[in-house]
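# Commentary on secondary and tertiary structure
Below are the chains, spelled out letter by letter.
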Amino acid sequence: MTYTPSRYLALLALALETMTLSAQSTHRVAPAQVVPQNWHRHYSDSLQGMRSDEALQWLIQRYGRPRTILVGVVDTGVDTTLTALRPSLWLNPKERPNGLDDDRDGYVDNRYGWNFLGSQDGSLELTSVGTEAYREYKRLYPKYKDITTAPAGFEEEWNYFCEMERKTGIQKYRRLYTHTVAKDSAYRLLDAHLRQLSGTRYDSLQLSALDSLPLEGKALEEAGELIGADLVKAGGEALWVKVFATHRTRLEQMEKRLSGIEYDLDKRTLLGDRMEDVQDRHYGNANVSAPGADHGTFVSSVIALQPQPDSPLAGVYPAARLINIRAVPDQGDEYDKDVASAIYYAVQQGAKVINLSLGKDLSPSADLVRSALDWAAKRDVVIVHSSGNNGRDLDAAPIYPEGVGRSGKPLANYLRIGASTKLGTRASFSNYGKSVTLCAPGQEIYGLMAGGRTSQEEGTSIAAPLTAAVAAMIRAYFPRLTAPQVVEILHTTARQGQVPIVDALAAVQRAAKLSHRHPTRTASKRK
């Protein structure tokens, strides 16, 4: 049997059509149940939220308006133009937009926070930076690229390099590149043949027309075997010239990426700081609304979005003021230096709670972050950290930061938060383990993206800021309680079930009892 490209197209198309018809006849998708946009702020048997609205109402009735509390949000940045969020954003009272460091803290025009991922002049903004494993592999590649066995005296580093190579999956990518190069020869052969055919309009030739063309011979048969799947994926109405161009673009991108391992500069080095010196923290710029701010905007909105008429959307604690620090790229792993710098900055500006909706599998400079966490602990700041969305046991495979100081001991002011569902169970994606001591709603949560679009999202990155908002609520009304006390209150008052879930009402009532704060006379009259 002769296998031409057109016959491969026909056979594979028939197979795909059969599978599609079979799937359509046996599978029906049930319509998704729509949950209230504010379910996570209340509690019922079917919607097991945190009772945060009830907690806030209880506090206001007893104590009136609270003192201002600052919450550091270390994330991807924030859209500062959103009407419903802007009143909740911290505005540095000592800074004016004049290009000067008015408060002499080393940060020019830091009115809403700071951006540790941009150059000083704003010409460079890091949004996609790759994984930490890739960056480590890239760092060591020039040294070990031509070596097949461990050099004497460098066995540990060689093994580390090999592990980074495994983590990045770069060998699989190289094999894919080799296969793509082989396909390139097939594409070129068929393209040259099609260009030479008389009576054929090359520029408008559709794949479906290949069946009627003289494409015989062993070389063309072998070419068909290599690229037949690509032709099926493109579809019969696709133009040959565009399919060929798409392949060439893909090959060129692969070549560029592989070349970049050795020759492309890590753009993070262009920001001008010494990346291993945690004291060198005055780099970056004041643009917290740089591109890629969706994640940080959503996190900020679930903490402190202002209530709007005729809308159930609101943050858990709208009275909080958010210091936004851009230290997490939209794509790729955050740098240890930037996370450490962000923690120092938030504490320096007066944050009493810091939310870290971030994490990664590898941390080459973990001590930089540990030092910053130690500093925050000494200054009585609650740290709330998301546990991650890999659905894995962190006792077996940790994520960073780990919630310990440089001594290696757990920090009493630190919470690692998992995600719970509306039924009070652990979300399937949520990481777990001994260090994940508390959960909060993290599925089917509504908030705002950059630009003001309402979105439903899930993740421990949402459960953490919901918890941070409750911690801020407690610290605002009961400022004499220490950060470890707030952490302990959240633990001891958690609603017990399959997983312990934050119970804001029980937490604030417990905080009131421990702090010995009595209701104010004015607030009592409001009852």
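If you're wondering where the values come from, they're calculated on a predicted model, not measured in any experiment. (Residues numbered from 1 in each chain as written. Predicted model: local features only at pLDDT ≥ 70, side-chain atom pairs only at ≥ 80, totals over all residues. Heavy atoms only, no water.)

Glancing now at helix H6 (residues 218-234). Over its 17 residues, H6 extends 24 Å from the first C-alpha to the last, a length consistent with the 24 Å expected when each residue adds 1.5 Å. Along H6, the sharpest kink reaches roughly 55°, centred on Ile227. Three or more residues of H6 are buried, namely Leu220, Ala223, Gly224, Ile227, Gly228, Asp230, Leu231 and Val232. (Helix = DSSP H or I, 4+ residues; strand = E, 2+ residues; numbered from the N terminus. Expected span 1.5 Å × (residues − 1). Bend = angle between axes of the 7 residues up to and from the residue. Buried < 20%, exposed > 50% of the residue type's maximum accessible area, 1.4 Å probe, protein only.)

Another aspect to go through is the side chain of Asp184. Among the secondary structure elements, Asp184 is positioned in helix H5 (residues 170-196). In contact with Asp184, not counting residues within four places along its chain, are His247, Arg248 and Leu251. (Contact = heavy atoms within 4.5 Å.)

We now examine the packing of H5 against H6. The contact between H5 and H6 brings their axes to 9 Å, and the two run at 120°. One way to sum up the angle between H5 and H6 is to call them oblique. The interaxial crossing formed by H5 with H6 has left-handed handedness. Counting all contacts with H5, which are made through His179, Ala182, Lys183, Ala186, Tyr187, Leu189, Leu190 and His193, the residues of H6 involved are Ala219, Leu220, Ala223, Leu226, Ile227 and Asp230. Of the residues belonging to the contact of H5 with H6, the class tally is 10 nonpolar, two polar and two charged. (Axes fitted to C-alpha atoms, helices over the stretch in contact; angles between N-to-C directions. Parallel < 35°, antiparallel > 145°, perpendicular 65-115°, else oblique. Left-handed = near helix turned anticlockwise from the far one by under 90°. Nonpolar A, V, L, I, M, F, W, Y, C, P; charged D, E, K, R; others polar.)

With respect to the helices and strands, the residue Arg416 is situated in strand S6 (residues 414-420). The side chain of Arg416 is buried and forms no salt bridge, while Glu402, the nearest opposite charge, is found at 6.5 Å. A distance of 2.9 Å separates a polar atom in the side chain of Arg416 from a polar atom in the side chain of Ser435. The residues contacting Arg416, other than those within four sequence positions of it, are His385, Ser387, Leu394, Ile399, Pro401, Glu402, Gly403, Ser435, Val436, Thr437 and Leu438. (Lys, Arg positive; Asp, Glu negative; His and termini not counted. Salt bridge = Lys/Arg side-chain N within 4 Å of Asp/Glu carboxyl O. Polar contact = N/O pair within 3.5 Å; in protein donor to acceptor, adjacent residues only side chain to side chain.)

Attention now moves to the nonpolar core. Grouped together as the largest cluster of nonpolar side chains are 72 residues, with contacts concentrated most on Tyr317, Ile474, Phe478 and Leu490. Among the elements that make up this core, the one with the highest residue count is helix H11 (residues 460-477) (13 residues). Discounting chain neighbours no more than four positions away, the residues touching Tyr317 are Leu56, Pro66, Ile69, Ile303, Ala304, Ala469, Ala472, Met473, Ala476 and Tyr477. Membership of the second largest hydrophobic core comes to 33 residues, among which are Val74, Val278, Ala342 and Ala346. (Core = buried A, V, L, I, M, F, W, Y, C linked by side-chain atoms within 4.5 Å.)

What follows concerns helix H13 (residues 504-515). End to end, H13 covers 16 Å across 12 residues, agreeing with the expected 16 Å (1.5 Å per residue, within 8%). Where H13 is concerned, the buried positions are Ala504, Leu505, Ala506, Ala507, Val508, Ala511, Ala512 and Ser515. Structurally, the start of H13 carries an N-cap: the backbone nitrogen of Leu505 is 3.3 Å from a side-chain oxygen of Asp503. Residue His516 follows H13 closely and has a positive phi angle near 60°.

In this structure the tally under the stated criterion is 27 salt bridges. Close ionic contact of Asp53 with Arg41 constitutes a salt bridge, the shortest N to O distance being 2.8 Å. Remark: Arg41 occurs in the loop between helix H1 (5-26) and helix H2 (52-63) and Asp53 occurs in helix H2; sequence separation between them is 12 residues. By relative accessible area, which is 24% here, Asp53 ends up partly exposed. Judged by its relative accessible area of 6%, Arg41 falls in the buried class. As a salt-bridge pair, Asp338 and Arg268 come within 2.8 Å of each other at their nearest N and O atoms.

Right, let's talk about the sheet that holds S6 for a bit. Across the sheet, which stays open at both edges, the seven strands sit in the order S2-S3-S1-S4-S5-S6-S7 with parallel pairing between neighbours. Looking along the sheet, the strands with just one partner apiece sit at the ends: strand S2 (113-115) and strand S7 (438-441). Across the sheet, the mean angle from the axis of one strand to that of its neighbour is 25°, orientation sign disregarded. (Pairing = 2+ DSSP bridges.)

Summarising the model, the chain shows a mean pLDDT of 91, and 92% of its residues fall at 70 or more. Within the model, pLDDT remains below 50 along residues 1-31, and this stretch shows 27 contacts once partners closer than five positions in the same chain are excluded. (pLDDT = per-residue confidence, 0-100.)

On inspection of all chains with the given rule, the structure shows 18 aromatic pairs. Aromatic pair Trp158 and Phe161: ring centres 6.0 Å apart, planes at 35°, arrangement tilted. One end of the pair, Trp158, and the other, Phe161, are both in helix H4 (residues 155-168), three residues apart, so they sit about a helical turn from each other. Summarising the burial analysis for this pair, Trp158 and Phe161 share the class buried. Consider the rings of Tyr187 and Phe244, whose centres lie 5.9 Å apart with planes at 15°: the pair is stacked. Within this pair, whereas Tyr187 is found in helix H5, its partner Phe244 is found in helix H7 (residues 240-263), the two being separated by 57 residues in sequence. Residues Tyr187 and Phe244 agree in their burial class; the two are buried. (Phe/Tyr/Trp six-rings, centres within 6.5 Å; stacked < 30°, edge-to-face > 60°.)

Extensive coverage of strand S1 (residues 70-75) is indicated by the burial of six of its six residues. Covered by surrounding structure in S1 are Leu70, Gly72 and Val74 together with Val71, Val73 and Asp75, the residues of both alternating faces.

Here helix H3 (residues 132-144) crosses H7 at 65°, and the two axes come no closer than 7 Å. Residues Tyr134, Tyr137, Lys138 and Tyr141 of H3 pack against Arg257, Gly260, Ile261 and Glu262 of H7. Classifying every residue of the contact of H3 with H7 by side-chain character gives four nonpolar, one polar and three charged.

Strand residues, when the strand is regular, have side chains that alternate between the two faces of the sheet. Neither face of strand S4 (residues 353-356) is exposed, since Val353 and Asn355 on one face and Ile354 and Leu356 on the opposite face are all buried. Bridging between S1 and S4 involves four bridges; their strand directions are parallel. From the neighbouring strand, Val74 faces S4, where its bridge partner is Leu356. Crossover connection from S4 via helix H10 (residues 366-378) to parallel strand S5 (residues 382-386): handedness right-handed. (Right-handed = clockwise from strand over helix to strand, strands pointing away.)

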